[in-house]
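Each chain is listed here by its residues.
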Amino acid sequence: SYDRERSLAVMKSGGAGPAGVAALVVVLGLQAVGFAALADEPLAAGVLVIASRAALALTCVRGVPAAAGDGLRSPFAGCVGRPLAALRWTSAAVIAAFVFALLGLPWHGVVLGFGVATIVVGLLLRRAVTRLGGVTGDLFGAAIELTLATVLLAATA
């Protein structure tokens, strides 16, 4: 409900409003469900945590600007070429699926999870660009956490 400038100021302040807290509770709750399903396979859970960081390659792709202002977003926004971002994203999915296969776990869910996470991160980026004018450090973190929740749920469903 805030305008662009107020939204960026709230992000910079480090506080969280009711909508932010609700979103955080939902995402962390989904992650908890996914981690609980992988309680007997800590290596698989760890691989998904590491693989979820590939979302940064998507958020830093050329053509996605930084929102106005200073902070971490400025040096990183737009610094990754599209082919490299696609390679990083795909390799994270393939490595995670390979580890699941080696552990005797269904790997198809990992691939599906990365496919769905591609859409989720894409929608997040589109909303950030239209609402804020670009990405922020908070959006980098949100992309990682949404990717992790999506992949965990798909891999354990």
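Position numbers for residues start from 1 in each chain and track the written sequence from start to end. For this predicted model, a pLDDT threshold of at least 70 governs which residues receive local features, and a threshold of 80 or more governs which side-chain atom pairs are given and counted, while totals over whole chains, interfaces and linings are taken from all residues. Processing note: side-chain calculations cover all non-hydrogen atoms of the structure and skip hydrogens and water entirely.

### Looking at the overall build of the protein chain
Selection rule: Only DSSP runs of H or I reaching four residues or more are called helices, and only runs of E reaching two or more are called strands; each is numbered from the N terminus. Computation of the radius of gyration draws on C-alpha atoms alone. For the globule rule, the value is 2.2 Å times the number of residues to the power 0.38. Note on classification: 1.4 Å probe, protein chains only; a residue is buried when its accessible area is under 20% of the maximum for its type, exposed when over 50%, partly exposed between these limits.
Across its full length, the protein chain holds eight helices and zero strands. The order of helices and strands in the protein chain, counted from the N terminus, is α-α-α-α-α-α-α-α. The C-alpha radius of gyration of the protein chain comes to 16 Å, within 12% of the 15 Å expected for a compact globule of 157 residues. Its C-alpha atoms give the protein chain principal-axis dimensions of about 50 × 35 × 20 Å. Expressed as a percentage of the 157 residues in the protein chain, the buried residues total 38%.

### As for the nonpolar core
Our working definition: What makes a nonpolar core is a set of buried Ala, Val, Leu, Ile, Met, Phe, Trp, Tyr and Cys residues whose side-chain atoms join them at distances within 4.5 Å. Note on definitions: a residue-residue contact is assigned when non-hydrogen atoms from the two residues lie within 4.5 Å.
Membership of the largest hydrophobic core comes to 43 residues, with the highest contact counts inside it found for L48, F100, V110 and F114. When contributions to this core are tallied by element, the ones reaching two or more residues are α3 (42-52), α4 (55-59), α6 (82-102), α7 (108-132) and α8 (137-156). Ignoring any residue separated from it by four or fewer positions in sequence, one finds V110 in contact with L48, A93, A96, A97, F100 and A155.

### Things to note about the packing of α3 against α6
Helix packing for two helices is described by the angle between their axes and how far apart those axes are. We apply this condition: Each axis is a line fitted through C-alpha atoms, and for a helix only the stretch in contact is used; angles between axes span 0 to 180 degrees, taken between their N-to-C directions. Comment on the angle field: the value is read as roughly parallel under 35 degrees, roughly antiparallel over 145, roughly perpendicular from 65 to 115, and oblique elsewhere. Just so you know the grouping, Ala, Val, Leu, Ile, Met, Phe, Trp, Tyr, Cys and Pro go in nonpolar, Asp, Glu, Lys and Arg go in charged, and all remaining residues, Gly too, go in polar.
Where α3 contacts α6, the axes come no closer than 10 Å and their chain directions differ by 180 degrees. Here α3 is positioned roughly antiparallel relative to α6, judged by the angle of their axes. Residues L43, A44, V47, L48, I50 and A51 of α3 lie in contact with α6, whose contacting residues are R88, A92, A96, V99 and F100. Looking at the contact of α3 with α6, its residues break down into ten nonpolar, no polar and one charged.

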